[in-house]
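# Working through the structure, step by step
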Amino acid sequence: MLNSLRYFIAGRYIRSRNSHSMINHISRVSMVAMSVPVMAMVVLLSVFNGLENMVRELYKAVDADVVVLPASGTTFDQTAVRALKPEQVEGVAMIDAEFELAEGFTTISNVLGFVSTGIIAILLIVSLLIISNTVKLAMYDRKDEIAIMKMVGATNGFIRLPFVVEGFALGM
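The rules behind these values
Residues numbered from 1 in each chain as written. Predicted model: local features only at pLDDT ≥ 70, side-chain atom pairs only at ≥ 80, totals over all residues. Heavy atoms only, no water. Helix = DSSP H or I, 4+ residues; strand = E, 2+ residues; numbered from the N terminus. Buried < 20%, exposed > 50% of the residue type's maximum accessible area, 1.4 Å probe, protein only. Contact = heavy atoms within 4.5 Å. Core = buried A, V, L, I, M, F, W, Y, C linked by side-chain atoms within 4.5 Å. Expected span 1.5 Å × (residues − 1). Patch = residues over 30% accessible without salt bridge, like charges linked within 9 Å, V, L, I, M, F, W, Y side chains within 5 Å. Areas by Shrake-Rupley, 256 points an atom, 1.4 Å probe, with all protein chains shown as cover. Salt bridge = Lys/Arg side-chain N within 4 Å of Asp/Glu carboxyl O. pLDDT = per-residue confidence, 0-100.

Glancing now at the overall build of the protein chain. A tally of regular secondary structure across the protein chain gives six helices and zero strands. Listed by position from the N terminus, the elements making up the protein chain come as α-α-α-α-α-α. Put simply, the protein chain has 172 residues, and 16% of those count as buried. Counting only contacts in the protein chain whose residues sit at least 6 apart along the sequence, the fraction spanning at least 24 positions is 61%.

Pasting the structure below:
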């Protein structure tokens, strides 16, 4: 129900040939401005997911006899492992731990997390701006209708609510 209303309102603005030509252009630019970053995020997440699966499949055949996992979280402090000196335990022939490589991957993961959070925040702000501009344009376009509604005694909330709902539906 909500999707059909959303598509109905959006389609009304996009296919309109009347005096809404400027709104049509702004709506199209807004759609492109929102869809391109979203597509980029989907491609980026797909690449990272595929890369993770590829690495997992590559090293599946070379599984270690002993696997050390952190008690909580996904990573642990490498200095704690070095301080334990597991190579001095009887029966341990070799320790193969690339601490520098692990630290590099941890740094890259942290940076990508911050960048992704920043991109999400920017997309949220842009979508709020698009919603507010859509409401303003719709109200400006229908200023004669609003004036008539005020003359017959409609309250500001009664007049404002359809525009807010319409702007929210177009923004989503």
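On we go from here.
Judged by nonpolar contacts, V135, A138, I146, A154, I159 and F163 together constitute the single largest core of six residues. Among the elements of the structure, α4 (99–141) and α6 (156–171) are those that each provide at least two residues to this core.

All right, on to α4 then. With 43 residues, α4 extends 62 Å from end C-alpha to end C-alpha; this agrees with the ideal 63 Å at 1.5 Å per step. For α4, the set of buried residues is F99, L123, S127, I130, I131, T134, V135 and A138.

Attention now moves to a nonpolar patch on the surface. A contiguous nonpolar patch, built from L44, F48, L51, M54, V55, L58, L101, F105, I108 and L112 and spanning about 890 Å² of accessible area, is present on the exposed surface. Within the residue set of the nonpolar patch, elements represented by two or more residues are α2 (21–58) and α4. Ranked by residue count, the leading element in the nonpolar patch is α2, at six residues. You can see L112 is positioned in helix α4. A residue is classified by how much of its surface remains accessible, and L112, at 30% relative accessible area, is partly exposed.

What follows concerns the environment of A169. The topology assignment puts A169 in helix α6. For the pair A169 and N3, spaced 166 residues apart in sequence, the C-alpha to C-alpha distance is 8.7 Å. Residues within four places of A169 in sequence aside, it is in contact with R6 and I9.

Our focus in this paragraph is the confidence of the model for the protein chain. Per-residue pLDDT for the protein chain averages 75, and the proportion of residues at 70 or more is 80%. Across the protein chain, the element-wise mean pLDDT spans from 70 in helix α3 (residues 78–84) up to 84 in helix α5 (residues 143–151).

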